[in-house]
Amino acid sequence: MEAEITTKVNRADEQFVSARTVRQVICFGLGEETFAVDIYQVQEIIHIPHITRIPGTRQFVEGAINLRGKIVPVMDLRKRFGLTPTGEHTRKNRIMVLTVHSNPVGLIVDFVNQVLQLTTEMLTPVPEMTLPVADENFIESVASVNDELIMILDVNNIYTRVQSEAPHNNTGVTRPHG
Amino acid sequence: MSGDSIISSTRSDLQRTQETGQLQLVCFRLDEEDFGVDIHHVQEINRRVKVTKIPQSAAFVEGVINLRGKIVPVIDLRRRFGFPPATEQTKESRIVVVETQDVTVGMVVDEVTEVLRLSSESIKPTPEIALSEVENQYIKGVTNSPVQKDDVTGKSEHLLIVLDMDRIFTQQETRALRRVADEAGAAAQD
């Protein structure tokens, strides 16, 4: 009897979700602000394991982790966004493993708190005035939920791709150095 | 050795690896992280001896050692990789003497852990995001470290960074290293 009721409620819930929600996002905290990423881009959320430092990387790259045998680079979002670095990691810190340019990338965030269902009315594009001058546009849109602004990340812009030296690119022709 | 012979020796190295699919790496540790270099580049591993400081030498050169009459420049890999300097010298500390890019160089490491045999396939390319334009082209790849295993699960959380010794120094750096060795050598003979 009770079970029936809950399934009914659930179905009603689902209908509510499908009718009005345009997207679901996972919210996380970074300093004083709340950010979010689209749920489809999140592969998993983990506690911070040992992070192997890789020498010579860009400053915001913390290193790489071994995720069940897979090598996943990890980025400190605070450093990426120019906020004060966290220093020691606490129990609340998490790594969100996302898919960026079809590769897994881990982002260190202060904490992960909720999954939000957003409707069109809640979403606004980033105000033009606040758009960065450079092409480092991390924010895709802003959602206002209960008087709070949540910045939704454009994860594909989170790092610029470095031209890696692929061997098939130098087809026999070696240019003298300098 | 001329430039050509370096290339050909690298090629034969590569061929050898491709044929057998096996690599032998000398593994060492720097500030909790594990690194590996191809055993073909390693000439010897020494206990830490006194390193003679050379005034006015390049910042990454720690000094020189006298290796059975041969003057060999020594670099501090921790400094080179931007790791914090070692707080104390332990009994485990070693100097790994490598031959690469026409120079013989000693590298100060925290400890040498083991010689590892693994298939070249198990070395994965460095994640793209962790690459930089010039600075770390000397990283050949990353592999799951069999060195530091969890006692309970038997699994390793750590990664092993495989260094490409043919790229570890820039041309400028090899020149600087050679100069240090030559000058110190000449001074020793006087």
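Presented here is a report on the structure given in the accompanying data block. As the structure is a computational prediction, the values presented were derived from the model and not from experiment.

## Notes on the overall build of chain B
Here's step 1: The secondary structure content of chain B amounts to three helices and 10 strands.
Here's step 2: Secondary structure elements in chain B, listed N-terminal to C-terminal, are α-β-β-β-β-β-α-β-β-β-β-β-α.
Here's step 3: Across chain B, every contact between residues at least 6 apart in sequence was considered, and the portion connecting residues at least 24 apart equals 60%.

## Details of the overall build of chain A
Here's step 1: From N to C terminus, chain A includes two helices and 11 strands.
Here's step 2: The N-to-C order of helical and strand elements in chain A reads α-β-β-β-β-β-α-β-β-β-β-β-β.
Here's step 3: With 178 residues in all, chain A has 25% of them scored as buried.
Here's step 4: Long-range pairs, those at least 24 residues apart, make up 52% of the contacts in chain A between residues at least 6 apart in sequence.

## Side note on helix α3 (residues 171-189) of chain B
Residue and element names in this part refer to chain B.
Here's step 1: Here α3 contains 19 residues, and its C-alpha end-to-end distance of 27 Å stays within 8% of the 27 Å for a straight helix at 1.5 Å per residue.
Here's step 2: Considered for burial, the residues of α3 that qualify are Leu177, Val180, Ala181 and Ala184. Along the long axis of α3, the arc covered by the buried residues comes to 90 degrees, so they all point the same way. When the buried face of α3 is taken as reference, the exposed residues oriented beyond 90 degrees from it are Gln171, Gln172, Asp182, Ala186 and Gln189.
Here's step 3: Structurally, α3 contributes buried residues whose contacts are with β4 (61-67), β5 (70-76) and β7 (103-109).

## Quick word on the sheet that holds strand β3 (residues 42-46) of chain A
Residue and element names in this part refer to chain A.
Here's step 1: Pairing within the open sheet is mixed, and its five strands lie in the order β3-β6-β7-β5-β4. The outermost strands of the open sheet, each flanked by one partner alone, are β3 and β4 (61-67). Averaged over all pairs of adjacent strands, the angle between their axes in this sheet comes to 30 degrees, without regard to strand direction.
Here's step 2: Note that strand β6 (residues 94-100) and strand β7 (residues 103-109) share seven bridges and pair antiparallel. Bridging across to β7, Ile95 finds its partner in Ile108.

## Quick look at the interface of chain B and chain A
Here's step 1: Each side of the interface is counted separately: chain B has 24 residues, and chain A has 24 residues.
Here's step 2: Elements with a contribution of two residues or more to the side of chain B that touches chain A: β9 (139-144) and β10 (159-163) of chain B.
Here's step 3: Here the side of chain B that touches chain A gets three residues from one element, more than from any other, and that element is β9(B).

## Some thoughts on the nonpolar core
Here's step 1: By size, the foremost hydrophobic cluster in this structure holds 77 residues, and its most contacted members are A:Val37, A:Ala64, A:Leu107, B:Val64, B:Val96, B:Met107 and B:Ile161.
Here's step 2: Per-element accounting of this core gives the leading share, six residues, to strand β1 (residues 22-30) of chain B.
Here's step 3: Sequence-distant contacts of A:Leu107, that is, excluding residues within four places in its chain, are made with A:Met75, A:Leu77, A:Ile95, A:Met96 and A:Leu98.

Rules and cut-offs
Residues numbered from 1 in each chain as written. Chains lettered and ligands numbered in written order. Predicted model: local features only at pLDDT ≥ 70, side-chain atom pairs only at ≥ 80, totals over all residues. Helix = DSSP H or I, 4+ residues; strand = E, 2+ residues; numbered from the N terminus. Contact = placed C-beta atoms within 7 Å. Buried ≥ 20, exposed ≤ 12 C-beta atoms within 10 Å, placed from the backbone. Expected span 1.5 Å × (residues − 1). Arc of directions from axis to C-beta. Pairing = 2+ DSSP bridges. Axes fitted to C-alpha atoms, helices over the stretch in contact; angles between N-to-C directions. Core = buried A, V, L, I, M, F, W, Y, C linked by C-beta atoms within 7 Å.

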